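Summary of the model geometry
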Amino acid sequence: MSKISLIVAAALLAAGAAQAQSTTPAQNSVYGEVGYTFVKIKEDTTGVSAKPGALRGIVGWDVNPYLALEAMFATGVSDDTTQGVKFKVSRSYGLYLTPKYAINSDFEVFGRLGYADSKLKLSGGGQSFSGTDSSFSWGLGAKYNFNKQVYGALDYTSYFDKDNLKIDGVTLSVGYRF
């Protein structure tokens, strides 16, 4: 009886592994995603904050099942006016190491560690100012695989945190693996 149980258990494990392979994305794949970022800009000394929007794109490469390399570019698509000052993200770009872990064949969690350069534009009272700076950038998120190629993602990323100014955001995106 124990030999039969062992054979059945081995067959079930093999079937489970085959099923996981059919929905798990390929290793060393290149992917791209595009999403809308709900940006928050906050200046700590004055307490002024604004919430403009940005369109963000990411191109990535799965180095192995636990690590990806990513390049990010974002551009502002909406502005926000606070206390008579209009805030807009002109652009942001960055490079990231992205450690990740597949919970199962459909769901993955990831972190993002890298460096981002951002440019803001502020205008109001007949004057305009724009500034560019870069800083360490990090994020946390999750992906849901709809199939082997298409996935949806939700993440929080801190793009800039330096000199009493913080730029971060939550992004809802859709991606495609090539």
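Residues numbered from 1 in each chain as written. Predicted model: local features only at pLDDT ≥ 70, side-chain atom pairs only at ≥ 80, totals over all residues. Heavy atoms only, no water.

1. Structural notes on a nonpolar patch on the surface
- Taken together, the side chains of V30, V59, W61, L69, L97, L113, Y115, F136, W138, L140, Y176 and F178 define a hydrophobic patch exposed on the protein surface, amounting to about 1200 Å² of accessible area.
- At three residues, the largest contribution of residues to the nonpolar patch is made by strand 8 (residues 127-145).
- Structurally, Y115 can be placed in strand 7 (residues 107-124). (Patch = residues over 30% accessible without salt bridge, like charges linked within 9 Å, V, L, I, M, F, W, Y side chains within 5 Å. Areas by Shrake-Rupley, 256 points an atom, 1.4 Å probe, with all protein chains shown as cover. Salt bridge = Lys/Arg side-chain N within 4 Å of Asp/Glu carboxyl O. Helix = DSSP H or I, 4+ residues; strand = E, 2+ residues; numbered from the N terminus.)

2. Brief notes about the pattern of salt bridges
- Taken as a whole, this structure holds nine salt bridges when the rule is applied.
- Residues D44 and K166 are paired through a salt bridge, measuring 4.0 Å at the closest nitrogen-oxygen approach. Taken as a pair, D44 in the loop between strand 1 (30-43) and strand 2 (49-50) and K166 in strand 10 (residues 165-177) lie far apart in primary sequence, 122 residues in all.
- Residue classification places D44 among the partly exposed positions, given a relative accessible area of 35%.
- Taking the relative accessible area as the measure of exposure, K166 reaches 34% and is therefore partly exposed.
- Counted as one network, the salt bridges with shared partners bring together E33, R56, E70, R112 and D155. (Buried < 20%, exposed > 50% of the residue type's maximum accessible area, 1.4 Å probe, protein only.)

3. Quick word on the pairing of strand 6 (residues 85-102)
- Sheet topology places strand 4 (residues 67-78) next to strand 6; eight bridges connect them, and they run antiparallel. Directly across from L69, in strand 6, lies its bridge partner L97.
- Inspection of the sheet shows strand 5 (residues 80-82) paired to strand 6 by three bridges, in the antiparallel sense. Counted as the bridge partner of D80 is F87 from strand 6.
- The hairpin turn running from strand 5 into strand 6, its antiparallel successor, is two residues long, and Q83 in that turn takes a positive phi close to 50°.
- The sheet contact formed by strand 6 and strand 7 spans 14 bridges and is antiparallel. (Pairing = 2+ DSSP bridges.)

4. Quick notes on the packing of aromatic side chains
- The tally for this structure, following the rule as stated, stands at five aromatic pairs.
- On the basis of an interplanar angle of 70° and a centroid distance of 5.4 Å, the ring pair of Y144 and F146 is categorised as edge-to-face.
- Under the relative-accessibility criterion, Y144 is labelled partly exposed at 39%.
- Of the residues examined, F146 reaches a relative accessible area of 54% and is grouped as exposed.
- When the ring centre of Y31 is taken as reference, the NZ or CZ atom of K143 above it lies at 4.3 Å. (Phe/Tyr/Trp six-rings, centres within 6.5 Å; stacked < 30°, edge-to-face > 60°. Lys NZ or Arg CZ within 6 Å of the ring centre and 35° of its normal.)

5. Focus: the nonpolar core
- In this structure, V39, I41, M72 and I167 are the most contacted members of the largest nonpolar core, which totals 20 residues.
- Mapped by element, the contributors of at least two residues to this core are strand 1, strand 3 (53-64), strand 4, strand 6, strand 7 and strand 9 (150-162).
- The biggest single contributor to this core is strand 9, with four residues.
- In this structure I41 touches V48, S49, A50, P52, F87, V89, L120, L165, K166 and I167, once residues within four positions along its chain are discounted. (Core = buried A, V, L, I, M, F, W, Y, C linked by side-chain atoms within 4.5 Å. Contact = heavy atoms within 4.5 Å.)

6. Re the environment of G114
- Among the secondary structure elements, G114 is positioned in strand 7.
- Linking G114 and E70, residues 44 residues apart in sequence, is a C-alpha distance of 9.1 Å.
- Apart from the residues within four sequence positions on either side, G114 is in contact with L95, Y96, S135, F136 and S137.

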